[in-house]
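# Structural features, examined
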There are 2 protein chains.
Amino acid sequence: MSTDALTRLHRKPDRAGDRALLDEILDEVKVGTLSTVIEGLPWSVPMLFARDGDRILIHGSTGAGALRHVAAGAPVTLTAFVLDGLVVADTLFDHSANYRSAVVRGTLDEVDVDPSHALDVLSDKLIPGRPDEVRTHTGKEMAATAVLALPILDGQWITKARSGPPGEPEDASQWTGVVPARITYDRPITATGDEPPTSVRSLVSG
Amino acid sequence: MSTDALTRLHRKPDRAGDRALLDEILDEVKVGTLSTVIEGLPWSVPMLFARDGDRILIHGSTGAGALRHVAAGAPVTLTAFVLDGLVVADTLFDHSANYRSAVVRGTLDEVDVDPSHALDVLSDKLIPGRPDEVRTHTGKEMAATAVLALPILDGQWITKARSGPPGEPEDASQWTGVVPARITYDRPITATGDEPPTSVRSLVSG
């Protein structure tokens, strides 16, 4: 089966081309799975990423040298997943999860990524507002920053989502429902200094 | 570069062969990314999975027909990622994340998976204790259950982890530290029935 056929098959008709949902997922998920092909075999690594308009910036921070192997020009997928809840049915067969997911397909691109801008975008994704609180990057830091870009192109991404309750139970007296799930940030643990900055306090209270 | 070389490169020496860490990650993460190669290109889909001893059971619930394309015999990676915290440094360059991740490589296997056992294992992963609260599976349900197994083999998996504070700041008066992150489950939303079962109440209070 061709990859185009797979794209059609796995894109839910009601969410097809839902770019707003794509952006929402890409902006919410901090770490995705980057996959490519090496010597005919699948190869995957978790990566911090951030959407920068119509492209996704990917940082090499989580894999020593990983970006050297997922080089510019490599065909990749970037998968992002949000667990929104556990769907509790009356039978195990009907248990499910509420979620939002995105898979973006494309070719990594090395050109046209300013490392200073990329560091700002990636850091702001990790901790919103943080770039405004710290000094600007040094030349040495920028030289050591490995960033690649994955363009978001029409027909090259898929969003999927499930929400809402389980189906009707066989016996309506049985408890069925949804357990909402989310990522929470707990009280910051101080390493140095006195008071966490505004960006960190916003993250925890937000 | 050969995939064996990549395995060595990306496996942190101090966590090499840390099967306990692998099991911990696989047992904690409910949905991973399954990747394979189709017509030479990477192909990925989020999948509910559960460890069953020395193999990983993968359920087709999240992708309509996805398992038909990631058929038995296909080379795959399964990637699981846990975000444990945000690492706040004094420079954007040194910001990072605390995490635990696993990538398991192998070939999907269709044989020797009893659908009834697989449904129990997968449901118990989603909501621990739930299989004991519901009726047994019908033959129709088992016939409609698509499950594949990925064996956990020596040398075919990688665990990686970061924990602890950021490095020393340039100016020790600057606030640096860690913001712990975790998945929390909120108060269940009832669809039918009165009182959530023990398994659901344990999940929320746990």
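Preceding block: the structure.
This structure is a prediction, so every number in the text was calculated from the model and none was measured.

The subject of this paragraph is the overall build of chain A. Each helix and strand in chain A was counted, giving six helices and nine strands. Buried residues in chain A amount to 55% of all 206 residues. Partitioning the contacts of chain A with sequence separation of at least 6, the portion at a separation of at least 24 is 71%.

Here the focus is the pairing of strand E7 (residues 157-162) of chain A. All names here are of chain A. For E7, a buried count of five out of six residues is recorded, marking the element as mostly surrounded by other parts of the structure. Bridging between strand E5 (residues 96-107) and E7 involves six bridges; their strand directions are antiparallel. What sits directly across from tyrosine 99, in E7, is arginine 162.

This next bit is on the interface of chain B and chain A. Contacts between the two partners involve 92 residues from chain B and, on the opposite side, 91 residues from chain A. Of the roughly 7,600 Å² buried where chain B meets chain A, counting both sides, 66% is carbon and sulfur surface. Of all residues in chain B, Leu92, Phe93 and Trp175 of chain B bury the most surface against chain A, accounting for 11% of the area lost on that side. The tally of links between chain B and chain A comes to four salt bridges. Of the charged contacts in the structure, one is a salt bridge between aspartate 186 of chain A and arginine 182 of chain B, with a shortest N-O distance of 2.6 Å.

Expressed as a screw operation, the relation of chain B to chain A combines 0.0 Å of axial shift with a rotation of 180°, fitting to an RMSD of 0.0 Å. In the structure described here, the two chain copies are related by an operation that fits a two-fold rotation axis. Minimal C-alpha separation from the rotation axis in chain B is found for isoleucine 183 of chain B, amounting to 2.2 Å.

This part is about the environment of arginine 51 of chain A. Residue and element names in this part refer to chain A. As for its position among the elements, arginine 51 is in strand E2 (residues 41-51). Separated by 24 residues in the primary sequence, arginine 51 and aspartate 27 place their C-alpha atoms 6.3 Å from one another. Residues in contact with arginine 51, not counting those within four places in the same chain, are Arg19, Asp23, Leu26, Asp27, Ile56, Val121 and Ile152. At a separation of 3.1 Å, a polar atom in the side chain of arginine 51 contacts the main-chain carbonyl oxygen of glycine 53.

This part covers the packing of aromatic side chains. All names here are of chain A. As enumerated under the stated definition, the model contains two aromatic pairs over all chains in all. For the ring pair phenylalanine 81 and tyrosine 99, a centre distance of 5.7 Å and an interplane angle of 15° mean the geometry is stacked. Taken together, the positions of phenylalanine 81 in strand E4 (residues 75-88) and tyrosine 99 in strand E5 put the pair 18 residues apart, joining distant regions of the chain. For tyrosine 99, a relative accessible area of 6% puts it in the buried group.

Calculation rules
- Residues numbered from 1 in each chain as written.
- Chains lettered and ligands numbered in written order.
- Predicted model: local features only at pLDDT ≥ 70, side-chain atom pairs only at ≥ 80, totals over all residues.
- Heavy atoms only, no water.
- Helix = DSSP H or I, 4+ residues; strand = E, 2+ residues; numbered from the N terminus.
- Buried < 20%, exposed > 50% of the residue type's maximum accessible area, 1.4 Å probe, protein only.
- Contact = heavy atoms within 4.5 Å.
- Pairing = 2+ DSSP bridges.
- Buried area = accessible area lost by both parts, 1.4 Å probe.
- Salt bridge = Lys/Arg side-chain N within 4 Å of Asp/Glu carboxyl O.
- Least-squares fit on C-alpha atoms with pLDDT ≥ 70 in both.
- Polar contact = N/O pair within 3.5 Å; in protein donor to acceptor, adjacent residues only side chain to side chain.
- Phe/Tyr/Trp six-rings, centres within 6.5 Å; stacked < 30°, edge-to-face > 60°.

It is worth stressing that arrangement in space is one thing and function is another; only the former is reported here.
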